[in-house]
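In case you want the letters, here they are:
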Amino acid sequence: MRVAAENIANAASTAAVHGGDPYRRKLLTFGRMVDRGTGAQLVRMDNIRPDPRDFRTQFDPAHPAADEQGYVKLPNVDPLIEQADLRSAGRSYEASIAVMQQARALYGKTLDILRA
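Note that the structure is a prediction, hence the values are computed from the model and not measured. (Residues numbered from 1 in each chain as written. Predicted model: local features only at pLDDT ≥ 70, side-chain atom pairs only at ≥ 80, totals over all residues. Heavy atoms only, no water.)

> How would you explain the pairing of strand β2 (residues 41–50) if you had to name every residue and give the values?
Of the strand pairs in this sheet, strand β1 (residues 26–34) and β2 are connected by 9 bridges, and their pairing is antiparallel. Residue pairing across strands places F30 opposite M45, the latter belonging to β2. Linking β1 back to β2 in an antiparallel pair, the connection comprises 6 residues, with G39 at a positive phi of about 80°. (Pairing = 2+ DSSP bridges. Helix = DSSP H or I, 4+ residues; strand = E, 2+ residues; numbered from the N terminus.)

As structure tokens, this is what we get:
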């Protein structure tokens, strides 16, 4: 969620210097791990890497970051995609919380059965 929010916040930023590169969208990569205690496969964030897609360009010769042809490089961030990623991350978090609550309730019921 933090990376998607950072991408959205920088969606309209441009380079600080003449002809420079603007903010580059960040992507998350995930890797699998095995929990040694339970043997369950876990998914963990592996790395944050820059998006290799090209920057968007806009003709604006008056802009301070414009190149010699008058084009300004804009970030390769699509706010609509970032909002969808943000919503997906929120729903995944909610689902994980629901699973944890269900497991806690089942453990509680198991303890109640063992006490009786």
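> Describe in detail the packing of aromatic side chains, supporting the description with residues and values.
Enumeration over the complete set of coordinates arrives at 1 aromatic pair. Seen from their ring centres, F59 and Y71 are 5.3 Å apart, and the 65° between their planes marks the pair as edge-to-face. Here the residue F59 occupies a position in strand β3 (residues 56–59), and Y71 occupies one in strand β4 (residues 71–74), the gap between them amounting to 12 residues. Overall, F59 belongs to the exposed group, its relative accessible area being 52%. Residue class for Y71 comes out partly exposed when judged on its relative accessible area of 39%. (Phe/Tyr/Trp six-rings, centres within 6.5 Å; stacked < 30°, edge-to-face > 60°. Buried < 20%, exposed > 50% of the residue type's maximum accessible area, 1.4 Å probe, protein only.)

> Tell me about the environment of D35, and please be specific about residues and values.
Among the structural elements, D35 can be located in the loop between β1 and β2. Taking C-alpha positions, D35 is 33 Å from P52, a pair spaced 17 residues apart along the chain. Ignoring anything within four residues of it in the chain, the contact list for D35 reads A40 and L42. In this structure the side chain of D35 is engaged in a polar contact, spanning 3.2 Å, whose partner is the backbone nitrogen of G37. (Contact = heavy atoms within 4.5 Å. Polar contact = N/O pair within 3.5 Å; in protein donor to acceptor, adjacent residues only side chain to side chain.)

> An account of the packing of helix α1 (residues 2–9) against helix α2 (residues 79–115) is needed here, citing residue identities and associated values.
When two helices pack together, their arrangement is captured by the angle between the axes and the distance separating the axes. In contact at an axis separation of 9 Å, α1 and α2 are set at 160° when each is read in the N-to-C sense. As far as their axial angle goes, α2 and α1 are roughly antiparallel. Along this stretch, α1 crosses α2, giving a crossing that reads as left-handed. Where α1 abuts α2, its residues A4, N7 and I8 lie against E82, Q83 and L86. A per-class count over the contact of α1 with α2 returns 3 nonpolar, 2 polar and 1 charged. (Axes fitted to C-alpha atoms, helices over the stretch in contact; angles between N-to-C directions. Parallel < 35°, antiparallel > 145°, perpendicular 65-115°, else oblique. Left-handed = near helix turned anticlockwise from the far one by under 90°. Nonpolar A, V, L, I, M, F, W, Y, C, P; charged D, E, K, R; others polar.)

> Go over the pattern of salt bridges, please, and point to the residues and values.
Summed over the entire model, instances satisfying the criterion amount to 8 salt bridges. A salt bridge links R25 to D51, with the shortest nitrogen-to-oxygen separation between them at 3.3 Å. Taken together, the residues R25 in the loop between α1 and β1 and D51 in the loop between β2 and β3 connect sequence positions 26 residues apart. Taken as a pair, R25 and D51 share a single burial class, namely buried. Here R25 ties to E82 by a salt bridge, and the two come within 2.3 Å at their closest N and O atoms. Of this pair, R25 sits in the loop between α1 and β1 while E82 sits in helix α2, and the two are 57 residues apart along the sequence. Per residue, the accessibility class of R25 equals that of E82, and both read buried. Salt bridges sharing common partners tie together R25, D51, R53, E82 and D85. (Salt bridge = Lys/Arg side-chain N within 4 Å of Asp/Glu carboxyl O.)

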